[in-house]
Amino acid sequence: MARRAAAPAGPLGDDFSFVSPVAKYVLFFFNLLFWLISMVMVAVGVYARLLKHAEAAMACLAVDPAILLIVVGVLTFLITFCGCVGSLRENICLLQVFSVCLTIIFLLQLAAGVLGFVFSDQARGKVSEIINGAIVHYRDDLDLQNLIDFGQKEFSCCGGVSYKDWSQNMYFNCTATNPSRERCAVPFSCCLRHAEQAVINTMCGHGMQARGYLEASAFIHTNGCIDKLVNWTHSNLFLLGGITLGLALPQLVGIVLAQLLINQIRDQIKLQLYNQQHRADPWY
């Protein structure tokens, strides 16, 4: 008995879709999470800026943590907005913008890590420049002041290269013509901490720049924060590598999901065009 020839396959039904709901909604909720986080970042940054005096706010824009928080939050908001709407509406243009932006950010992070490792001396010089700029504006910005105090306490350090770097600040400057009450002083965060000390003595750093290293070391940390930061980095390479991977992994997942969804949407468009052509065919 002869076998019947198989009928040619017709177009797929209208209810069929190449777009995977899993890829679509995973990408949507992935972006939604970071979109909400970005709004919180912008809100906190704006609130911190509004609490500051206008003069202080304009004096230190380049090193203001609130400005950095706002900029990062706005960029994250725009990128994740493209990802949210693009995945939900299956919009190829928005998904491509999202994917390209994530790719650029990932490549910039990778380039910064490689350049920082290869040109370590130049990177150290840049860090030193940033720290010295922060020292100059220490009293101009409360957020910056708290950040420096936190860093000096955690790393048990004082200043950039040494505690005498605080002479770059107009209030702590150690010249005889400085009328400030804090002349030749260092912030209290430079002081040695004692376990039995219940109350912090905020005046403990007064006059320390006028003393030599050995004499001052009995009261404050005399080593600079740059060397401490470099040593901490060398001692925690695995931790830094894990943090870097943790930051890069969501970006890679977002790029892969966006590209997967773009290809699926294109296949779905081709299917719809194919079905329309066959419906217009009088022999269909």
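Everything quoted here is computed from the prediction, not taken from an experiment.

Analysis parameters
- Residues numbered from 1 in each chain as written.
- Predicted model: local features only at pLDDT ≥ 70, side-chain atom pairs only at ≥ 80, totals over all residues.
- Heavy atoms only, no water.
- Patch = residues over 30% accessible without salt bridge, like charges linked within 9 Å, V, L, I, M, F, W, Y side chains within 5 Å.
- Areas by Shrake-Rupley, 256 points an atom, 1.4 Å probe, with all protein chains shown as cover.
- Salt bridge = Lys/Arg side-chain N within 4 Å of Asp/Glu carboxyl O.
- Helix = DSSP H or I, 4+ residues; strand = E, 2+ residues; numbered from the N terminus.
- Phe/Tyr/Trp six-rings, centres within 6.5 Å; stacked < 30°, edge-to-face > 60°.
- Buried < 20%, exposed > 50% of the residue type's maximum accessible area, 1.4 Å probe, protein only.
- Disulfide = S-S within 2.5 Å.

As for a nonpolar patch on the surface
Together, Leu107, Leu110, Val114, Leu115, Phe117, Val118 and Phe119 line one region of the surface with nonpolar side chains, adding up to about 720 Å² of accessible area. Locating Val114 in the fold gives a position in helix H4 (residues 92–118).

Topic: the packing of aromatic side chains
A complete count under the given rule lists ten aromatic pairs for this structure. Measuring from centroid to centroid gives 5.1 Å for Phe28 and Phe29, while their planes differ by 70 degrees, and the two rings are edge-to-face. The interplanar angle of 80 degrees and the centroid separation of 5.2 Å between the aromatic rings of Tyr163 and Tyr213 together place this pair among those described as edge-to-face. With Tyr163 in the loop between helix H6 (142–155) and helix H7 (213–216) and Tyr213 in helix H7, the pair connects residues that are 50 residues apart, well separated along the chain.

Quick look at the pattern of salt bridges
Within the structure shown, the criterion is met by four salt bridges. We note a salt bridge from Glu129 to Lys126, for which the minimum N-O separation is 3.9 Å. Remark: Lys126 and Glu129 occur in helix H5 (residues 120–136); sequence separation between them is three residues, near one turn of the helix. You can call Lys126 partly exposed: its relative accessible area is 47%.

Here we look at the state of the cysteines
Applying the stated criterion across every chain, the model contains four disulfides. Each sulfur of the disulfide joining Cys174 and Cys184 lies 1.8 Å from the other. An S-S torsion of about 95 degrees defines the bridge between Cys174 and Cys184 as right-handed. On the criterion of sequence distance, the pair formed by Cys174 in the loop between H6 and H7 and Cys184 in the loop between H6 and H7 is long-range, its members being ten residues apart. For Cys184, a relative accessible area of 6% translates into the label buried. In the protein, the bonded cysteines, taken in the order they occur along the sequence, pair up as 1-8, 2-5, 3-4, 6-7. With no disulfide of its own, Cys84 lies 9.7 Å from the sulfur of Cys82, the closest cysteine sulfur. Exposure remark for Cys84: the relative accessible area of 7% places this residue in the buried category.

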